[in-house]
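# Report on the structure
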Amino acid sequence: MTKVLMKGNEALGEAAVRAGCRHFFGYPITPQTEIPEYLVKRLPQVGGVFVQAESEVASINMVMGAAGMGIRCMTSSSSPGISLMAEGVSYIAACELPCVIINMMRAGPGLGGILPAQSDYFQATRGHGHGDYQVIVLAPSSVQEAVDLMTLAFELAETYRNPVMVCADGMIGQMMEPVEFAGEPDALPPNEMGGDDWALGVREGRKRRIVNSLYLSPDELNEHNLKLKAKYDDIAAKETRHELYGPEGDAEGGGGYDLLLVAFGTMARICKTAIDDVRAEGLRAALFRPITLNPFPFADLRRAMDAIEGDGAVFDVEMSMGQMVYDVKLAAEGTRRIEFHGTAGGVVPSPDEVAQKIREILGAAPA
Amino acid sequence: MGDIHIAEERCKGCGLCIDACPRGLISFAEDLNEKGYTYVEFTGDLEQCTGCTLCATACPDQGIEVWNKRGKQTFENTTGLTERMSHYCPGCTHGIIHRITAECLQELGLLDRTVGVAPVGCSVLAYEYFNVDMFEAAHGRAPAVATGAKRARPECIVFTYQGDGDLCSIGGNEILHAANRGEKITVIFVNNAIYGMTGGQMAPTTLPGQRTSTSPDGRDIEATGHPINMAELLATLSTPAYIARGSSHDPQHVLKTKKMIKKAFEHQASGTCFSFVEVLSTCPTNWGLAPQESGDWVRDHMIPQYPLGVIKQPESVS
Ligand SMILES: Cc1ncc(C[n+]2csc(CCOP(=O)(O)OP(=O)(O)O)c2C)c(N)n1
């Protein structure tokens, strides 16, 4: 298979098409605009539909409409636009409709800035919209991984009939990297989501169907919430994904580590470079990278923490003022000292900066 | 001699049929029905009933069926609605607008491929009543949901059914842009000049001086602006559309409005254009008026503000 050099946003658009997505609804916002700009040209070539919505409020509701008809569909946006989608995502999750949402995160709060950030972690993994619902959240750390996760995103959405968010920092969307698209176009059969027993549409004699989130009886609504909860528990049991970098297969390091970094997305990539640098100095650091931010790989992280030698610490690094670090603390349950370093506003910590922090934590001399 | 059958158990005692009968053949019973409503009975001389169907046309609750002199059924409950009793207040014309919408879909043979979108408002439960596949959308977002549904399956007939708070206030942007994109959907816009479901607050369509719970001294146009004439506003867009306004306040107007709704669905079925029918409607409970008085209020106060008729047609037709 050949590699092509592509900008992250465009690669994500192509990956969506290869995943069999033919319907896109979205509203322009930096740093994700190349996704709609790519798809407006690409979708007509494969008989697809592109609608530039009047707002993110509308685009997510268009997604609800198409998904309810059993048609694979998606939207993409960046932080302020994702905020506007909160209501719609809550309805879609409540109605158990599959869809994919890309959040190419930019710096906030408010209008913030257009540079990359990871400060929508809470929003993505906790209370985005109202009510007890959850979204599956995937966090790529390279353009290649973003491409690979798009197919997974649609598969998970359809398996669990749940919204899936591909949550990348703007860096992933804006940088160009060589990518390889697995399989021929279409990794998934185009368009149809196999909604034979739930989707609305032409009835041909079958009983009518309703896509609804209103339950006026408290008992029925409680039941509905319990059913959703059981689904989220099932997802948590089966679908966590992570990467452990550093300890295994590392001849010089000998496998063990005295410090465990935790980072996701672009930040994880920077941490890897920093780890390579400090390992060359004989410092033993490793990285735990959650790929699913929700479900968060609590058990795997805890195992990785338990493997830290002695009373070594955990070092969480984020392009935010500290959001994932709460989950890291939950995983540690007080068993480890947790250090944190974060930047905001589009300031991306450099490998040197992270390496320096590692040296400080490990009590090593500055390089 | 015609024949009429009044389903006592469906009657909410609004009395709209009593007013509708040109020969005064229907009146209130002495008793209450099982639900506790003073139901109506046919008390006149059956010889005098011509089977004109005005009583059934005025009934919001699918409570009356009619046969003509030759024994032919002239008014039959539509299969486009389920048999479920609606939750609407007695005399509220949501039920009538549901019925004529469903009748049009049935008569055009579209029921099997229609997908409706219910709003948030009194008609939030419309998905229980329309005998078609239904979405229940977030407040005001029905035109966006309908856009997604129609773009996904253009072979389906997609309609939204929305109140004035839903469509004109919180959903102003969604309706404006669905119309401007010329989405091939049909919008049934029920204008009762008030927020019914939340208990009678001011809507963008509330008339100047009209008292509501959030305009207790009457709507002050200096502070809250004038009523929005949504049909006219949408008609200013250059995109081709079928836009009409009817009323549900008496059987004659109900029949005229039904023609508009039918036209709207025909335009969608032929892929011609976006179609929008505003229907003036009553809210006896929150207006504090009896059902019959509510109809009069529509005639005397709403129609002067909201003129009836076809407001815009796609060029090929006009
Ligand atoms: C986002 C949101 N805001 C407010 C409400 C509360 N609410 C429910 S119905 C309604 C007004 C409905 O009025 P209208 O659309 O005129 O319909 P009617 O009930 O009169 O038929 C409001 C404000 C809501 N459900 N969701």
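Structural notes, computed from the coordinates. (Residues numbered from 1 in each chain as written. Chains lettered and ligands numbered in written order. Predicted model: local features only at pLDDT ≥ 70, side-chain atom pairs only at ≥ 80, totals over all residues. Heavy atoms only, no water.)

## A closer look at the sheet that holds strand 5 (residues 99-105) of chain A
Residues and elements named next belong to chain A. This is how it is decided: In short, DSSP must find at least two bridges between two strands for them to pair. For the purposes of this entry, the term helix denotes a DSSP run of H or I that reaches at least four residues, the term strand denotes a run of E that reaches at least two, and both are numbered from the N terminus. Angles shown run from 0 to 180 degrees and are taken between the N-to-C directions of axes, each axis being a line fitted to C-alpha atoms and, for helices, limited to the stretch in contact. Here, two residues are considered to be in contact whenever any of their heavy atoms come within 4.5 Å of each other.
The strand order across the open sheet formed by seven strands is 3-2-4-5-7-6-13, and the pairing between neighbours is mixed. Looking along the sheet, the strands with just one partner apiece sit at the ends: strand 3 (49-52) and strand 13 (292-294). Going across the sheet, the axis of each strand differs from the next one's by a mean of 20°, ignoring polarity. Judged from the three bridges that link them, strand 6 (residues 136-138) and strand 7 (residues 163-169) form a sheet pairing that is parallel. What sits directly across from Leu138, in strand 7, is Val166. Across the face of the sheet, helix 3 (residues 56-68) comes into contact with strand 2 (23-26), strand 3, strand 4 (73-77) and strand 5 while running at roughly 165° to strand 4.

## What about the sheet that holds strand 14 (residues 314-318) of chain A?
All names here are of chain A. Strand order across the open sheet formed by five strands is 10-12-11-14-15, with mixed pairing between neighbours. One side of each edge strand has no neighbouring strand; the edge strands of this open sheet are strand 10 (242-245) and strand 15 (338-342). Taken pair by pair, the neighbouring strands of this sheet meet at an average axis angle of 20°, ignoring direction. Inspection of the sheet shows strand 11 (residues 259-262) paired to strand 14 by three bridges, in the parallel sense. In the sheet register, Leu260 faces strand 14, and the bridge partner there is Val314.

## Comments concerning a negative patch on the surface
Residues and elements named next belong to chain B. Rules: Each patch is built from residues lacking any salt bridge and having more than 30% relative accessible area; the joining distance is 9 Å for like charges and 5 Å for nonpolar side chains (Val, Leu, Ile, Met, Phe, Trp, Tyr). Areas reported as accessible are Shrake-Rupley estimates using a 1.4 Å probe. Residue values count occlusion only from the protein chains shown. Salt bridges are defined by distance alone: a side-chain nitrogen of Lys or Arg within 4 Å of a carboxyl oxygen of Asp or Glu. All tallies of charge rest on Lys and Arg as positive and Asp and Glu as negative; His and the ends of each chain are not included. To locate a charge, take NZ of a lysine, CZ of an arginine, CG of an aspartate or CD of a glutamate. Exposed residues in this analysis have more than 50% of their type's maximum accessible area, buried residues have under 20%, and partly exposed residues fall in between, with area computed by a 1.4 Å probe over protein chains only.
A contiguous patch of negative charge, built from Glu8, Glu9, Glu30, Asp31, Glu34 and Glu41, is present on the exposed surface. Examined against the element boundaries, Glu8 turns out to sit in the loop between strand 1 (3-6) and helix 1 (16-20). Looking at Glu8, the relative accessible area reads 36%, which means it is partly exposed.

## Some thoughts on the interface of chain B and chain A
Test applied: Buried area counts how much accessible surface, traced with a 1.4 Å probe, disappears from two parts once they are put together, with both parts' losses summed.
The interface is formed by 36 residues belonging to chain B together with 37 residues belonging to chain A. Here chain B packs against chain A, burying approximately 2800 Å² in sum over the two surfaces, 56% of which is carbon and sulfur. Here chain B and chain A share five salt bridges between them. In this structure, Arg203 of chain A engages Asp112 of chain B in a salt bridge whose closest nitrogen and oxygen atoms are separated by 3.9 Å.

## A short note on the site of the ligand
All names here are of chain B. Basically, it comes down to this: For each residue, the test is whether any non-hydrogen atom lies within 4 Å of the molecule or strand; if one does, the residue is near. In protein, a polar contact requires one atom able to donate a hydrogen and another able to accept it; more generally it is a pair of N or O atoms within 3.5 Å, and residues adjacent in sequence count only if both atoms are side-chain atoms. Residues are grouped as follows: nonpolar covers Ala, Val, Leu, Ile, Met, Phe, Trp, Tyr, Cys and Pro; charged covers Asp, Glu, Lys and Arg; every other residue, Gly included, is treated as polar.
Of all residues adjacent to the ligand, which total 17 residues, the nearest are Cys122, Asp164, Gly165, Asp166 and Gly196. A distance of 3.0 Å separates an oxygen atom of the ligand from a polar atom in the side chain of His94. Contacts to the ligand include Asp164, whose side-chain N or O atom sits 2.3 Å from an oxygen atom. Protein chains shield 75% of the accessible area of the ligand, which is 590 Å² for the free molecule. When the residues that make up the shell around the ligand are grouped by side-chain class, the tally is six nonpolar, eight polar and three charged.

## Things to note about the pattern of salt bridges
All names here are of chain B. Considering all chains together, one arrives at 40 salt bridges over all chains under this definition. A salt bridge links Arg99 to Glu103; the shortest N-O distance between them is 3.2 Å. Here Glu103 and Arg99 lie together in helix 3 (residues 94-107), a separation of four residues that amounts to about one turn. Arg99 sits in the buried class, given a relative accessible area of 2%. Owing to a relative accessible area of 8%, Glu103 belongs among the buried residues under this scheme. One network of salt bridges, in which partners are shared, links Arg99, Glu103, Glu107, Lys258 and Lys262.

## Some remarks on the layout of surface pockets
Residues and elements named next belong to chain A. Test applied: As defined here, a cavity is a set of points on a 1 Å grid over the protein atoms alone where a 1.4 Å probe fits but cannot get out. A pocket is an open set with protein on both sides within 12 Å along at least five of seven lines, and residues line them when an atom is within 4 Å of a point. Grid points are joined across faces, edges and corners, and a volume is the space filled by probe spheres set on the points.
The calculated volume of the largest pocket comes to roughly 350 Å³. Along the walls of the largest pocket sit 19 residues, with Ser90, Ala94, His130, Ser213 and Leu221 positioned nearest its centre. Listed by contribution, the elements that provide at least two residues to the lining of the largest pocket are helix 5 (86-94) and helix 9 (218-238). Per element, the largest residue contribution to the lining of the largest pocket is four residues, and it comes from helix 9. Its residues placed into classes, the lining of the largest pocket shows 11 nonpolar, six polar and two charged.

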